[in-house]
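Descriptive analysis of the structure
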Amino acid sequence: MGQHIFDASRADKLERAERRYRFLSAEELLWALDLSSEETVVDLGSGTGFYTDDVAPYARTVYGVDVQEAMHDYYREKGVPENVDLLTTEVSDLPVDADSIDAAFSTMTYHEFASDDALAETGRVLAPEGRLVVVDWSATGTGDAGPPLDERFTATEAADALSDAGFRIEYEAVRPETFLLVATAK
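Presented here is an overview of the structure given in this document.

**Brief notes about helix α6 (residues 116-125)**
Within α6 the residues assigned to the buried category are Ala118, Leu119, Glu121, Thr122 and Val125. The buried residues of α6 occupy an angular sector of 160° when the element is viewed end-on, so they sit on one face. For α6, exposure combined with an orientation more than 90 degrees from the buried face picks out Asp116 and Asp117. For α6, the elements touching its buried residues are β1 (40-44), β4 (101-107), α5 (110-113), β5 (126-137), α7 (155-164) and β6 (167-174).

**Observations regarding unusual backbone geometry**
Phi is positive for Asp34, close to 50°, though the residue is something other than glycine. You can see Asp34 is positioned in the loop between α2 (26-33) and β1. Of note in the backbone geometry, Met108 takes a positive phi value of approximately 60° without being a glycine. Note that Met108 resides in the loop between β4 and α5. With a relative accessible area of 10%, Met108 lands in the buried category.

**A closer look at the environment of Tyr21**
With respect to the element layout, Tyr21 can be found in helix α1 (residues 17-23). With 30 residues separating them along the chain, Tyr21 and Tyr51 place their C-alpha atoms 9.7 Å apart. The contacts of Tyr21, once residues within four sequence positions are left out, are Ala26, Phe50, Tyr51 and Asp54. Among the polar contacts made by the side chain of Tyr21, one reaches the side chain of Asp54 at a distance of 2.8 Å.

**Side note on the sheet that holds β6**
Pairing within the open sheet is mixed, and its seven strands lie in the order β3-β2-β1-β4-β5-β7-β6. A strand with exactly one partner marks an edge of an open sheet, and here the two such strands are β3 (84-88) and β6. The sheet shows a mean angle of 15° between the axes of neighbouring strands, direction not considered. Alignment of β1 against β4, held across three bridges, turns out to be parallel. Residue pairing in the sheet places Val42 in a bridge with Ala104 of β4. Along the sheet, α7 makes contact with β5, β6 and β7 (178-185), crossing β6 at roughly 170°.

**A few points about the environment of His72**
Structurally, His72 is set in helix α4 (residues 69-78). Sequence separation of His72 and Thr48 is 24 residues, and the distance between their C-alpha atoms is 6.5 Å. Residues within four places of His72 in sequence aside, it is in contact with Ser46, Gly47, Gly64, Val65, Asp66, Leu86, Leu87 and Thr88. Within polar-contact distance, the side chain of His72 engages the side chain of Thr88 at 3.5 Å.

**Some points on the pairing of strand β2 (residues 61-66)**
Two faces make up the sheet, and in a regular strand the side chains alternate between them. Counted residue by residue, β2 has six buried out of six residues, so it is predominantly covered. Both faces of β2 are covered, namely the face carrying Thr61, Tyr63 and Val65 and the face carrying Val62, Gly64 and Asp66. Judged from the five bridges that link them, β1 and β2 form a sheet pairing that is parallel. In the strand pairing of β2, Asp43 is matched with Gly64. As paired strands, β2 and β3 are joined by five bridges and run parallel to one another. Bridged to Asp66 within β3 is Thr88.

**Some details on α4**
Since the α-helix turns once every 3.6 residues, residues separated by three or four places project in the same direction. Listing the buried residues of α4 in full gives Met71, His72 and Tyr75. Projected down its long axis, α4 carries its buried residues within an arc of 100°, all on one side. Of the residues trailing α4, Gly79 is marked for its positive phi of about 115°.

Each value, and the rule that gives it
- Residues numbered from 1 in each chain as written.
- Predicted model: local features only at pLDDT ≥ 70, side-chain atom pairs only at ≥ 80, totals over all residues.
- Heavy atoms only, no water.
- Buried < 20%, exposed > 50% of the residue type's maximum accessible area, 1.4 Å probe, protein only.
- Helix = DSSP H or I, 4+ residues; strand = E, 2+ residues; numbered from the N terminus.
- Arc of directions from axis to C-beta.
- Contact = heavy atoms within 4.5 Å.
- Polar contact = N/O pair within 3.5 Å; in protein donor to acceptor, adjacent residues only side chain to side chain.
- Pairing = 2+ DSSP bridges.
- Axes fitted to C-alpha atoms, helices over the stretch in contact; angles between N-to-C directions.

Note that every value here comes from positions in space, so none of it alone points to a role or purpose.
Next up, the structure:
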């Protein structure tokens, strides 16, 4: 698990609001992040910037992190908000200072980077009590959308991994195809 990377040649599929918001609305993401306009946020697996665009008006700075430069190229063509900086890197190697991030989120990308190193790095960059929001495809889903079932995690597996990495789980919701976790850095 943790190896599936979305094919950048299909990036246009990530811009379909009617499909994306079916699994996570902008309002729900913003509720989970609970941002102020002075906070610095990182989108872990930003892709085309679909959800980054929803968060940017509510934050001072947003870092869009993706391993594929092609995703950033797509986002640049679409138009990147002024307060968004794009970083092409692994989640396990974030080029930002320790304790410098107020909130981080991953929308349908946790299964792509989930590892002890990536969670430790996320914990390193988050300020104490910084929020981490994870919404991903659930291993208990049908598999009709998203990655194959054998590449997914259950909410319990993800929550346990976050807890083991030093996060405190504040909220957990399991849906038919996805799960949502809100955690804070200790």
